[in-house]
Amino acid sequence: MKKYDSIVVGGGISGLLSALVLSKSGKKILVLERNENLGNNCNSYVVDGYQVDTGPHAITQLRKGGPLTYLMDNYLDYIPVFVDYGEYFIRTENGLKKVPTDLSGYLTMDILPRKDRLIIAQALTKMLVMWQFGTDLSKTSVYECLPWDNLSSDTADFTDTFCYFLSGRSMKETSVQRMFVGGGFVEESIQKDIAHEKNQYYNLYEEAKKVSYVSRLLNNKKVSYNQFYPRDGLKAIVNAILYSLPKTVEIKINGIVLT
Ligand SMILES: Cc1cc2nc3c(=O)[nH]c(=O)nc-3n(C[C@H](O)[C@H](O)[C@H](O)COP(=O)(O)OP(=O)(O)OC[C@H]3O[C@@H](n4cnc5c(N)ncnc54)[C@H](O)[C@@H]3O)c2cc1C
């Protein structure tokens, strides 16, 4: 008689969620993980009192009916608490600097030369006005909209890093639209279907839709309105999955049976 209905190779979040869904449908599952940790990319640890996440730093598009929400609602025995993401900071020689979220933030961000900040602020304003009047910026890259002959290499490095941070791609591959959405400048940063649920997101949506894009450029206080962070770090999601796995799931780490 066969011992398992399915064998899942890899105990990252995908493998663990697969094991959860299959086992809650009555299947006997074996999970094989070759490393020592379950969750792999999706993990957290503490350094000098700071919580550090190994891979994902936030959960975006956490909306009703979205893939993660669907899996959590239907298969987890408890759902981690998601909190507002807060601010992004850049570590510099002179301490932590807040990542700008509006025009005055870009103008006063003293880690870049003053002239460069003025050029960035000018380009940002121009692009946002174009967006407000309906220009499609989904095919215009961040690289294309800045005059690189007039900007320092520090600014190029900063812009490229910021693009990688928000989109996982370089400034040549990141669209202006992606930056606006990721930076909380445009309405798409908030999911209407979440907001209409009249839950914790509703006030954010109401607050954000009151203002035009250009007004938000002048006075935007948040990087994004649709990113949330599991309290206790990304590992909280892995812990909730592990807690919810039925006894019909066996996990082997490096050949050693865990459950
Ligand atoms: C720096 C970084 C930032 C990220 N930021 C975000 C973010 O902000 N938001 C977001 O949603 N996502 C983000 N991601 C993506 C997210 O981390 C991954 O999509 C997700 O964690 C991948 O999970 P996984 O289980 O598919 O893969 P993995 O976490 O890679 O797990 C795969 C597992 O399979 C095991 N394995 C492989 N082959 C074998 C084998 N032959 N035998 C046994 N075991 C095997 C590996 O050891 C590993 O444990 C980020 C990723 C990185 C790296």
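Rules of the game
Residues numbered from 1 in each chain as written. Predicted model: local features only at pLDDT ≥ 70, side-chain atom pairs only at ≥ 80, totals over all residues. Heavy atoms only, no water. Helix = DSSP H or I, 4+ residues; strand = E, 2+ residues; numbered from the N terminus. Buried < 20%, exposed > 50% of the residue type's maximum accessible area, 1.4 Å probe, protein only. Areas by Shrake-Rupley, 256 points an atom, 1.4 Å probe, with all protein chains shown as cover. Pairing = 2+ DSSP bridges. Near = heavy atom within 4 Å. Polar contact = N/O pair within 3.5 Å; in protein donor to acceptor, adjacent residues only side chain to side chain. Nonpolar A, V, L, I, M, F, W, Y, C, P; charged D, E, K, R; others polar. Core = buried A, V, L, I, M, F, W, Y, C linked by side-chain atoms within 4.5 Å. Axes fitted to C-alpha atoms, helices over the stretch in contact; angles between N-to-C directions. Parallel < 35°, antiparallel > 145°, perpendicular 65-115°, else oblique. Left-handed = near helix turned anticlockwise from the far one by under 90°. Contact = heavy atoms within 4.5 Å.

Engineer: How do you make sense of the overall build of the protein when you look at a structure like this?
Structural biologist: Counting its secondary structure elements, the protein contains ten helices and eleven strands. The buried share of the protein, reckoned over its 259 residues, is 44%. Summing over all exposed atoms, the protein offers an accessible surface of approximately 14500 Å²; the carbon and sulfur share of this is 51%.

Engineer: Help me out: how do you make sense of the pairing of strand β3 (residues 44-47) in this one?
Structural biologist: Working note: regular strand, side chains alternate between the two faces of the sheet. Relative to strand β4 (residues 50-53), β3 runs antiparallel, the two being bridged by four bridges. Bridging from a neighbouring strand, Ser44 pairs with Asp53 of β4. Between the end of β3 and the start of β4, which pair antiparallel, lie two residues, with Asp48 showing a positive phi angle near 50 degrees.

Engineer: What is the right way to read the site of the ligand from this model?
Structural biologist: With respect to spatial proximity, 16 residues lie near the ligand, and among them Ser14, Glu33, Asn35, Asn40 and Gly55 are the closest. Asn41 places a polar main-chain atom, nitrogen or oxygen, 3.1 Å from an oxygen atom of the ligand. The contact in question runs from a nitrogen atom of the ligand to an N or O atom on the backbone of Ala58, over 3.1 Å. Taking 1000 Å² as the accessible area of the ligand by itself, protein coverage stands at 57%. Elements represented by at least two residues in the shell around the ligand include exactly α1 (13-24) and β2 (29-33). Within the shell around the ligand, the residues separate by chemical class into five nonpolar, nine polar and two charged.

Engineer: Please clarify how the nonpolar core should be interpreted in this entry.
Structural biologist: Counting residues in each nonpolar core, the largest one holds 30 residues, and the members touching the most others are Leu146 and Phe180. Those elements that provide at least two residues to this core are α3 (103-108), α4 (114-132), α5 (153-167) and α6 (176-182). Per element, the largest residue contribution to this core is eight residues, and it comes from α4. If you look at the next biggest cluster of nonpolar residues, it comprises 27 residues, including Val8, Ile59, Leu62 and Ile253.

Engineer: Explain unusual backbone geometry to me, please; I cannot follow it from the model alone.
Structural biologist: Most peptide bonds are trans, and most residues other than glycine sit at a negative phi. Positive phi is not limited to glycine here, since Asp48 has a value of about 50 degrees. Within the secondary structure, Asp48 sits in the loop between β3 and β4. Residue Asp48 is classed as exposed on the basis of its relative accessible area of 74%. The phi dihedral of Asp232 is positive, around 80 degrees, even though this residue is not glycine.

Engineer: What should I look at first to understand the sheet that holds strand β5 (residues 59-60) in this one?
Structural biologist: Either a parallel or an antiparallel arrangement is found when strands of a sheet pair, and the pairing is made through backbone hydrogen bonds. In space, the three strands of this open sheet follow the order β5-β9-β6, with antiparallel pairing throughout. Either end of the sheet is taken by a strand with one partner, and the two such strands are β5 and β6 (82-84). Two elements, β6 and strand β9 (residues 227-230), share three bridges in a ladder whose sense is antiparallel. Paired with Phe82 across the strands is Pro230, a residue of β9.

Engineer: Before we go on, may I ask you to explain the packing of α1 against helix α10 (residues 235-244) in this structure?
Structural biologist: For any two helices packed against each other, one specifies the crossing angle of their axes together with the interaxial distance. Following both chains from N to C, one finds α1 and α10 inclined at 30 degrees, their axes separated by 10 Å at the closest point. One element, α1, and the other, α10, form an angle in the roughly parallel class. When the axes of α1 and α10 are compared, the crossing they make is left-handed. Where α1 abuts α10, its residues Ile13, Leu16, Leu17, Leu20 and Lys24 lie against Ile237, Val238, Ile241, Leu242 and Ser244.

Engineer: Please explain the pairing of strand β10 (residues 249-253) as it appears in this structure.
Structural biologist: Counting buried positions along β10 gives four out of five residues, so the element sits mostly inside the fold. Across five bridges, the pairing between β2 and β10 is parallel. Looking across to β10, one finds that Val31 is bridged to Ile251. Sheet topology note: the β10/strand β11 (residues 256-257) ladder contains two bridges and is antiparallel. Residue pairing in the sheet places Lys252 in a bridge with Val257 of β11. Between the end of β10 and the start of β11, which pair antiparallel, lie two residues, with Asn254 showing a positive phi angle near 55 degrees.

By themselves, these observations are geometric and do not establish any function.
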